[in-house]
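As a plain string of letters, each chain reads:
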Amino acid sequence: MIGAILVLSGPSGAGKSTIIKESSDNIGSYYFSISTTTRKPRDGEVDGVDYYFVSKDSFEEDIKAGNFLEYATVHNNYYGTSLIPVQKALNNGKLVIFDIDIQGHRLIRAKLGDITTSAFITPPSIDELDYRLNIRRTDDKDIISQRMDNAKKEIEAIHEYDYVIINDDIKTASEEFTLIANVSILKQSRAELNDFIIHWLKTTKN
Ligand code: ADP
Ligand code: 5GP
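The rules behind the values
Residues numbered from 1 in each chain as written. Chains lettered and ligands numbered in written order. Predicted model: local features only at pLDDT ≥ 70, side-chain atom pairs only at ≥ 80, totals over all residues. Heavy atoms only, no water. Helix = DSSP H or I, 4+ residues; strand = E, 2+ residues; numbered from the N terminus. Contact = heavy atoms within 4.5 Å. Polar contact = N/O pair within 3.5 Å; in protein donor to acceptor, adjacent residues only side chain to side chain. Near = heavy atom within 4 Å. Areas by Shrake-Rupley, 256 points an atom, 1.4 Å probe, with all protein chains shown as cover. 1 Å grid on protein atoms, 1.4 Å probe; cavity = no way out; pocket = protein on both sides within 12 Å on 5 of 7 lines; lining within 4 Å. Sits in = over half its atoms within 2 Å of the grid points. Core = buried A, V, L, I, M, F, W, Y, C linked by side-chain atoms within 4.5 Å. Buried < 20%, exposed > 50% of the residue type's maximum accessible area, 1.4 Å probe, protein only. Pairing = 2+ DSSP bridges. Arc of directions from axis to C-beta.

**Student:** How would you explain the environment of Ser 12 if you had to name every residue and give the values?
**Tutor:** Inspection of the secondary structure puts Ser 12 in the loop between strand E1 (4-9) and helix H1 (16-23). Distance from Ser 12 to Leu 133, taken between C-alpha atoms, is 7.8 Å for residues 121 residues apart in sequence. Other than its neighbours up to four places away in sequence, Ser 12 contacts Arg 42, His 75, Leu 129, Leu 133, Arg 136 and Arg 147. Side-chain polar atoms of Ser 12 contact the side chain of Arg 147, separated by 2.4 Å.

**Student:** Explain the site of ligand 1 to me, and be specific about the residues and the numbers.
**Tutor:** Neighbouring residues of ligand 1: 13 residues in total, closest Gly 13, Lys 16, Ser 17, Thr 18 and Asn 167. Within the backbone of Lys 16, an N or O atom sits 2.8 Å from an oxygen atom of ligand 1. With respect to ligand 1, the backbone of Asp 168 contributes an N or O atom lying 2.9 Å from a nitrogen atom. Starting from 570 Å² of accessible surface for ligand 1 in isolation, the protein chains cover 78%.

**Student:** Tell me what's going on with the site of ligand 2, and back it up with residues and numbers.
**Tutor:** Near ligand 2 lie 19 residues; those nearest to it are Ser 35, Arg 39, Tyr 51, Tyr 79 and Asp 99. The separation between an oxygen atom of ligand 2 and a polar side-chain atom of Arg 42 is 2.8 Å. Between ligand 2 and Asp 101 there is a distance of 2.8 Å, counted from a nitrogen atom to a side-chain nitrogen or oxygen. Within the complex, the protein chains bury 96% of what would otherwise be the 510 Å² of accessible surface of ligand 2. For ligand 2, the cavity whose grid points lie within 2 Å of the majority of its atoms is the largest pocket. Those elements that provide at least two residues to the shell around ligand 2 are strand E5 (68-74) and strand E6 (77-82).

**Student:** Just give me the short version of the nonpolar core, but keep the residues and values in it.
**Tutor:** One recurring pattern in soluble globular proteins is that nonpolar side chains are buried together. Among the nonpolar cores identified, the biggest contains 16 residues, and Leu 6, Leu 95, Ile 97 and Phe 177 are the most heavily contacted of them. Those elements that place two or more of their residues in this core are E1, H1, strand E7 (95-99), strand E8 (116-122) and helix H7 (170-184). Apart from residues lying up to four places away in sequence, Phe 177 is in contact with Leu 6, Leu 8, Ile 19, Ile 20, Ser 23, Ile 27, Ile 97 and Ile 165. Within the second largest apolar cluster, 12 residues are counted, among which are Ile 5, Leu 69, Leu 90 and Val 96.

**Student:** Give me the side chain of His 105: which residues, what numbers.
**Tutor:** Residue placement: His 105 occurs in helix H4 (residues 102-112). For His 105, a relative accessible area of 1% gives the class buried. Setting aside its immediate chain neighbours within four residues, His 105 contacts Val 7, Ser 9, Ile 100, Ser 118, Glu 160 and Tyr 161.

**Student:** Tell me about the pairing of E6, and name the residues and values.
**Tutor:** Here strand E3 (residues 36-37) pairs with E6 via two bridges, running antiparallel. Residue pairing across strands places Thr 37 opposite Tyr 79, the latter belonging to E6. Where E5 and E6 come together, six bridges link them in antiparallel fashion. Across the sheet, Ala 72 pairs through a bridge with Tyr 79, a residue of E6. The hairpin formed by E5 and E6 contains two residues between the paired strands, and His 75 there has a positive phi angle of roughly 45°.

**Student:** Can you lay out H4 for me, pointing to particular residues and giving the numbers?
**Tutor:** Every buried residue of H4 is accounted for by Ile 102, Gly 104, His 105, Ile 108 and Leu 112. Each buried residue of H4 sits inside an arc of 150° when the element is viewed along its axis, so together they form one side. Exposed residues pointing more than 90 degrees away from the buried face of H4 are listed as Ala 110 and Lys 111. Packed against the buried residues of H4 are E1, E5, E7, E8 and helix H6 (141-154).

Given below as structure tokens:
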């Protein structure tokens, strides 16, 4: 594998999708990992673009078949990252960007920590998060309340991340994200470094 990984986490409504969209033209060769979920599509979400929307049975078959690099239950729905497209993108030397929760981040770190960089995105305050979830108008009151409860737990994991982006002003947050993404791609895997050492030692004339 020769690519690298950038994991983005943060409460639902923090602005992760907005920041990725804002920054996409300024990031080098990257692949955005499209997750699979059992959650229902929101208005405007497109199957195969925002997520692969599947049934619980289909998701559980994929778990059994070992098709996920990682998966987790978030807000009572399954969310997972399919292994094959990620492997393909890494083999093509791309930066693979994940928008996954804190459980997914821990699993990716455990499996592919040497090529992983991570950033936690949050609005400046819990009130602002509440406001953004409400103005997005994609979720009912009880779903928003569940997301707010989850956000209080997620923020406790902020120390586990390499970088924190406070998404107050979208332009500043996107610039910070662009910098982080363009540096993440430079991470070398342990295997690549070992090959480099072997090659480096062979270059001596003595
Ligand atoms: P996430 O992908 O993290 O769930 P979204 O990107 O959908 O979050 O953003 C949630 C809502 O907040 C959207 O309505 C978006 O337009 C708005 N938003 C994102 N960033 C900002 C910002 N810096 N200032 C104000 N509103 C924002
Ligand atoms: P949403 O329903 O708002 O799109 O996403 C809810 C949460 O699930 C967010 O924190 C998002 O980062 C996370 N998530 C999305 N896809 C995945 C995935 O494939 N794996 C994991 N572990 N979390 C995911």
